[in-house]
Amino acid sequence: MTEYCIGIDLGTTYSCLAYIDEDGDPVVEKNFEQEDTTPSVILFNENGEIIVGSPAKDMAMMYPAERIITAIKRQMGTDYEVDVDGEKYNPIMLSAVILRKMINDFNENHGCDVKKAVITCPAYFGQNERDATKTAGTIAGLDEVTVINEPTAAAISFGFGNAAEGKKRVLVYDLGGGTFDVTVLEIDGSAFTAVATDGERFLGGKDWDAVISKIIKEKVSEESGVDMDTLDSDEEIQQTLINDSETIKKRLSTAESTKGTLTVEGQKIVFTVTREEFEAASAGLIQTTIDIMDRVLASKSFSMADIDDVVLVGGSSRMPQVRNAITSKYPDANVKVFDPDQSVAKGAAIFSRSNSMVPDGVAPIDPATGEVSAEAAAAGVLSVHNVLSKTFGIKAVYEDGTEMISNIIFRNEVLPIESVKTYYPVDDGQSTIKVEIYEDSAVNDDSGKKTAIIDGAPVGEFMMELPLDVTTSTPITVKFTATDEGILIASVDCMDQHTDYQIENDMKMSADAIAKSQGLMEKVSNAN
Ligand code: AMP
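It should be emphasised that the depicted structure is a prediction, and the values quoted were computed from it without experimental measurement. (Residues numbered from 1 in each chain as written. Predicted model: local features only at pLDDT ≥ 70, side-chain atom pairs only at ≥ 80, totals over all residues. Heavy atoms only, no water.)

Caption draft 1: Summary view of the environment of G111. Along the chain, the position of G111 falls in the loop between α2 (91-110) and β10 (116-121). The class for G111 is exposed, based on a relative accessible area of 53%. (Helix = DSSP H or I, 4+ residues; strand = E, 2+ residues; numbered from the N terminus. Buried < 20%, exposed > 50% of the residue type's maximum accessible area, 1.4 Å probe, protein only.)

Caption draft 2: Geometry of the domain arrangement of the protein chain. Segmentation of the protein chain into domains returns domain 1 (6-163 + 341-384 + 512-523) and domain 2 (391-483). If you average the C-alpha positions of domain 1 and of domain 2, the two centres end up 33 Å apart. (Domains from an automatic or database assignment.)

Caption draft 3: Representation of the sheet that holds strand β23 (residues 432-440). Strand order in the open sheet formed by five strands is β24-β21-β20-β23-β25, with antiparallel pairing between adjacent strands. Strands with a single pairing partner mark the edges of an open sheet, and in this sheet they are β24 (450-452) and β25 (457-465). In this sheet, neighbouring strand axes are inclined to one another by 35° on average, regardless of whether the strands run parallel or antiparallel. As paired elements, strand β21 (residues 403-409) and β24 share three bridges and run antiparallel to each other. Paired with M404 across the strands is A452, a residue of β24. (Pairing = 2+ DSSP bridges. Axes fitted to C-alpha atoms, helices over the stretch in contact; angles between N-to-C directions.)

Caption draft 4: Representation of the layout of surface pockets within the structure. Within this model, the largest pocket holds a volume of roughly 1200 Å³. Along its surface, the largest pocket is lined by 50 residues, and T13, Y14, G177, D209 and E246 are the ones closest to its centre. Counting residues per element, the lining of the largest pocket draws most heavily on helix α7 (residues 235-251), which supplies 10 residues. Of the residues belonging to the lining of the largest pocket, the class tally is 13 nonpolar, 24 polar and 13 charged. Along the walls of the second largest pocket sit 17 residues, with I394, K395, A396, V397 and Y423 positioned nearest its centre. In the lining of the second largest pocket, the residues fall into 10 nonpolar, two polar and five charged. (1 Å grid on protein atoms, 1.4 Å probe; cavity = no way out; pocket = protein on both sides within 12 Å on 5 of 7 lines; lining within 4 Å. Points joined across faces, edges and corners; volume = space filled by probe spheres on them. Nonpolar A, V, L, I, M, F, W, Y, C, P; charged D, E, K, R; others polar.)

Caption draft 5: Expanded view of the environment of E108. Following the sequence through the fold, E108 ends up in helix α2. The class for E108 is partly exposed, based on a relative accessible area of 43%.

This is the structure in structure tokens:
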């Protein structure tokens, strides 16, 4: 059976699957509905089936809200849960459902059984969300899941298309359906190194849809005499507007103005929305993206002159206001809209192929340098280095009794990174130390050494077991390593004892829960 190299862009609003065809090119697989991208929408219907994609989006209006799940990616790594017909689903399981539908469609079309894939996630996803994405792949039936950052995947795809151009520094501006991020990467032949990243979890096309929806309601209210509160509380109008406002927004990317209709209290109101009105009402949103872009450049003391290309990806970067906002602030920026809906999935597929190209008997990574070995590079293996999107620290109690996060490994440093710290037991004969790991946004300067607990997020903990006979002067050496994938591991040396620890977190699903969830995948309606 052919083993395909698969990349999946698991998006907030749309997801996309790409693979490498016989000619070695990345191509997007059409889903069963013959679309290039699959709406990340899930419907639990009355027959116990789980429907994913456009059929779910189209039927959403006919079902109670609790049976429709949208934008689940925004909940990744949280304790969000839905209860449908007595069955509880967390964001990992719901993401698995979307992955399963896409893999089912692919298997059906190609007569295969995909077991390996590269799945992308936003650069600013922390440890919990990355773990969650990986587990979603496992639940969806994959044996081997690699998670890479969306902007890195976009840059790989961009680099693939522009291979001859040599060394470049690119800024990937990714405005998707629900999330926004900016990443600066250096591309040198087959090596991709992210050097800075930042983003906003709650900013994307959906927010622009909401702006359109408000404009429509204001117009319709004025025309019909029905007040805004009444329109706001009408479920059916709200549902209609969810779909219609997205359609109108997309039309305004090519037309200066567009018409639409909305029926309220029996009156059919025709309205016109202009691009000018839309852009004025969404100016604050676009400015937020520019501010984040500036912040990323500033974090490495880059100016726009240091950037060769500004690559726009994500469906929402089709809005003309995106390019206009960037070029009005930076007239010399070399802005390119690059395959906005597909570049992430294609880049993931290219990366997946690169992983599979390591010849037998060749070490993919040179152990001395941690880089892709010369043989592997010659065979076409890509070297990808991410930056850590969050700072890691541990909870520490200071002399005055205050608890703070003592930061250890800082954001925007190229992975993998190690940091060695020495600690001492508080009491003679102490048998354990609980190490609580936090993530935060501190930067690596004098002010960034400590962070208030309230400004961090717990990502897990481990219980250090100490040898007998420790005293308050026994050094405990802890080596924290952030792996290539941004996962934190710790190894502890104390007296003659060496122990490696995985960071456990509450959000991790147990093997039992994963196995049970795999059973639920049977309910995901098949292509046929
Ligand atoms: P992504 O998550 O990257 O697939 O982006 C999906 C988002 O892009 C959704 O919010 C879409 O409404 C938006 N989008 C797609 N095409 C267009 C377009 N032509 N104009 C404006 N927004 C678009």
